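Take a look at the letters that make up each chain.
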Amino acid sequence: MAPHLSPQLRERIMAWQYKHGKSAQEITELADCSEWTIYDILQLHRNFGQTSNLFAHRNAQPCSLELDDIHYIYSILEANPGLYIDEIQQQL
């Protein structure tokens, strides 16, 4: 998966389009991203007046384990490397 574009680059894309009159293909080369990404950013700006989607959800949830929990599970696995997940859960 391609990395997300920074807010500064998104704003620069808008400037290239509207202030400098660059085409989407030229912006693609300048920003080093796909033409679809350029069109998505332009559409977001046209529809909502901003360059990022505030309605998008994060893909990952924050880790619910504390560092001590991780160390404990790691020590269980070091002592018994062949354990299955359900056996580890029983020891928690």
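Right above here is the structure, for reference.
What comes next is a walk through the structure. (Residues numbered from 1 in each chain as written. Predicted model: local features only at pLDDT ≥ 70, side-chain atom pairs only at ≥ 80, totals over all residues. Heavy atoms only, no water.)

**Description of unusual backbone geometry**
This is how it is decided: Only DSSP runs of H or I covering at least 4 residues are called helices, and only runs of E covering at least 2 are called strands; the numbering of each starts at the N terminus.
Here D32, not a glycine, exhibits a phi torsion of approximately 55°, which is positive. Residue placement: D32 occurs in the loop between α2 (24-31) and α3 (35-48).

**A look at a nonpolar patch on the surface**
To be explicit about the condition: Each patch is built from residues lacking any salt bridge and having more than 30% relative accessible area; the joining distance is 9 Å for like charges and 5 Å for nonpolar side chains (Val, Leu, Ile, Met, Phe, Trp, Tyr). For the accessible areas, the method is Shrake-Rupley and the probe is 1.4 Å, while residue cover comes only from the protein chains on display. By salt bridge we mean one thing: a side-chain nitrogen of Lys or Arg within 4 Å of a carboxyl oxygen of Asp or Glu. Whether a residue is buried, partly exposed or exposed follows from its accessible area with a 1.4 Å probe, protein chains only, as a fraction of its type maximum: under 20%, in between, or over 50%, in that order.
A cluster of nonpolar side chains, namely L65, L67 and I70, defines an oily patch on the protein surface of about 270 Å² accessible area. Note that I70 resides in helix α4 (residues 67-79). Exposure remark for I70: the relative accessible area of 37% places this residue in the partly exposed category.

**Observations regarding the environment of L67**
Examined against the element boundaries, L67 turns out to sit in helix α4. Residue class for L67 comes out exposed when judged on its relative accessible area of 57%.

**Some words on the side chain of T51**
To keep it simple, the criterion reads: Under this definition, polar contacts are N or O atom pairs within 3.5 Å; protein pairs additionally need one hydrogen-donor-capable and one acceptor-capable atom, and for neighbouring residues in sequence, both atoms have to be side-chain atoms. Between two residues, a contact is recorded if the distance between any of their heavy atoms is within 4.5 Å.
Mapped onto the secondary structure, T51 falls in the loop between α3 and α4. For T51, a relative accessible area of 7% puts it in the buried group. Polar side-chain contacts of T51 include one of 3.3 Å to the side chain of E11. Not counting residues within four places of it along the chain, the set of residues in contact with T51 comprises R10, E11, M14, I41, L44 and H45.

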